[in-house]
Amino acid sequence: MSDVLVLAAIVMLVFLFLKVPVYIAVLGGSMVYFVMNPGINSVVFAQQAIIGTEKISLMAIPFFVCAGIFMNYTGVTKRIMDFCEVVTGRLPGGLAQVNVLLSTVMGGLSGSNIADAAMESKMMVPEMTKKGFSLEFSSVVTAASSMITPLIPPGIAMILYGCIANVSIGKLFISGFGVGGLLCITMMILVGVISKKRGYGILSTEKLTGIRFWKSLKPAILPLMLPIIIIGGIRVGIFTATEAGAVAILYAAFLGFLYREMHIADIIQGLKETVATTASIMLIVSAASVFSWILTKERVPQMLTEWMLANIHSKYIFLIVVNIFLLLVGMFIEGNASMIILVPLLAPIAAQYGINEIQFAMIYIFNNAIGALSPPMGTLMFVTCSITKCKTAAFIKEAIPFYILLAVNLLLLTWFEPFTTFLVNLFY
């Protein structure tokens, strides 16, 4: 590995620690490499920055982002929230259970954990504190449950990973149902245990009957059909994952006009938000693709593969090492940026160990999700705390049981492949 590459990596990390925008930090490190290597044509810098954003499958990102934003203007959230309240109302910590289930269901509509955390911080936390939940607990449940969003189709992280590692996005979507469902169930159990211990009450004493269930489900049926339409259409071959995003936009617009809650002004505002969100993601993709080219030119993937295979002889040891590494990286670097740089390095090594590509993808995405909740730079933590006005130190202390739960879930995904592949094998 050349000294110039080491210097470029140091510059990039220093920028990241100084909280310079991620794409500028990555481009800054890459620029150092090109400046210090005058023999490399600087045109390559611009070429790689453009090429990195030209994959057709990346078009799924603005489509699904737009569909998720449109869903926020259609009155869908209120209908789904009412359904979640009926389903979880009699469980210990009723509103906290609604929070977790709402994140799981809305994950299939928005695909963005930041959007989900912001929405629920505004909607759920004030209601939870009124019902006697502590501000810290309410904030932690909101941020932790938002982790489920990138694991449920159409999570943006799954689309990015599929594009980078050339893995079927449809299979990742199906695997996400199992992984997201596992996290949802275990998180609801933990929330129930904590709520019972602290005396957080139930939401309703009314028995869940078939009539009451149907009455709450009926208004939510059409929104809940979206993930089914996406997965079904991809599996049957009616459309690709990218085309599914366009279908999702049309479906969201249809619901908006059907419920008469989305107007022309909302569509214009939604398109503006889509452009801003997509631009922030694609700038990171563009910058990271330049740095990935540098790593490839320096043969870092090949050297890392050779070293791993020579020193680590068990795939489980390899996965543990990768988990620890990704958890540390996730504390400091935004998930999408780290994915574009690290997946081309780690995915081929995982294949050499005979690890299922779907399993490794979901382990990687799960690690990224944990990083978004972890100090010192966890985006979910800061977004939630900035809205709820919860102190970061109190948030971290309250989140300790949830960190333990996430570690247990990560070990389950690591040691038991069926948690990630059972549904994929069933469908495919």
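Going by the structure above, here's the rest.
In what follows, the accompanying structure is described.

1. Observations regarding the overall build of the protein chain
Point 1. Scanning the protein chain for helices and strands turns up 22 helices and zero strands.
Point 2. For 428 residues, the compact-globule estimate of 2.2 N^0.38 gives 22 Å, and the protein chain sits close to it at 22 Å.
Point 3. Structurally, the protein chain occupies a C-alpha span of about 75 × 45 × 45 Å along its principal axes.
Point 4. Within the span of the protein chain, comprising 428 residues, buried residues form 54% of the whole.
Point 5. Nonlocal contacts in the protein chain, meaning residues at least 24 apart in sequence, comprise 80% of its contacts between residues at least 6 apart.
Point 6. Averaged over its 25 positive side-chain charges, the protein chain has a centre that lies 9 Å from the centre of its 19 negative ones.

2. So, the packing of aromatic side chains
Point 1. Evaluated as defined, the whole model comprises 15 aromatic pairs.
Point 2. Consider the rings of Tyr 251 and Phe 254, whose centres lie 6.2 Å apart with planes at 40°: the pair is tilted. One end of the pair, Tyr 251, and the other, Phe 254, are both in helix H13 (residues 241-259), three residues apart, so they sit about a helical turn from each other.
Point 3. Phe 254 sits in the partly exposed class, given a relative accessible area of 44%.
Point 4. Put simply, the rings of Tyr 33, Phe 34, Phe 45 and Trp 293 pair up and form one aromatic cluster.
Point 5. Geometry around Tyr 259 places Arg 79 over its ring, the cationic atom sitting 3.7 Å from the centre.

3. Looking at the side chain of Ser 139
Point 1. Assignment of secondary structure puts Ser 139 in helix H8 (residues 135-145).
Point 2. With near-sequence residues (within four places) excluded, Ser 139 lies in contact with Val 125, Thr 384, Thr 388, Cys 390 and Phe 395.

4. Some remarks on the layout of surface pockets
Empty space left among the atoms is revealed by rolling a probe the size of a water molecule over them.
Point 1. As a volume, the second largest pocket reaches approximately 600 Å³.
Point 2. Lining the second largest pocket are 25 residues, and of these Ala 9, Phe 325, Ile 341, Leu 342 and Leu 345 lie nearest its centre.
Point 3. Looking at the lining of the second largest pocket, the elements with two or more residues in it are helix H1 (3-17), helix H14 (264-297), helix H15 (300-311), helix H16 (315-330) and helix H17 (335-352).
Point 4. Tallying contributions element by element places H1 first for the lining of the second largest pocket, with six residues.
Point 5. The class makeup of the residues in the lining of the second largest pocket is 24 nonpolar, one polar and no charged.

The rules we used
- Residues numbered from 1 in each chain as written.
- Predicted model: local features only at pLDDT ≥ 70, side-chain atom pairs only at ≥ 80, totals over all residues.
- Heavy atoms only, no water.
- Helix = DSSP H or I, 4+ residues; strand = E, 2+ residues; numbered from the N terminus.
- Rg over C-alpha atoms; globule rule 2.2 N^0.38 Å.
- Buried < 20%, exposed > 50% of the residue type's maximum accessible area, 1.4 Å probe, protein only.
- Contact = heavy atoms within 4.5 Å.
- Lys, Arg positive; Asp, Glu negative; His and termini not counted.
- Charge placed at Lys NZ, Arg CZ, Asp CG, Glu CD.
- Phe/Tyr/Trp six-rings, centres within 6.5 Å; stacked < 30°, edge-to-face > 60°.
- Lys NZ or Arg CZ within 6 Å of the ring centre and 35° of its normal.
- 1 Å grid on protein atoms, 1.4 Å probe; cavity = no way out; pocket = protein on both sides within 12 Å on 5 of 7 lines; lining within 4 Å.
- Points joined across faces, edges and corners; volume = space filled by probe spheres on them.
- Nonpolar A, V, L, I, M, F, W, Y, C, P; charged D, E, K, R; others polar.

Without other data, these values stay purely geometric and don't point to any function.
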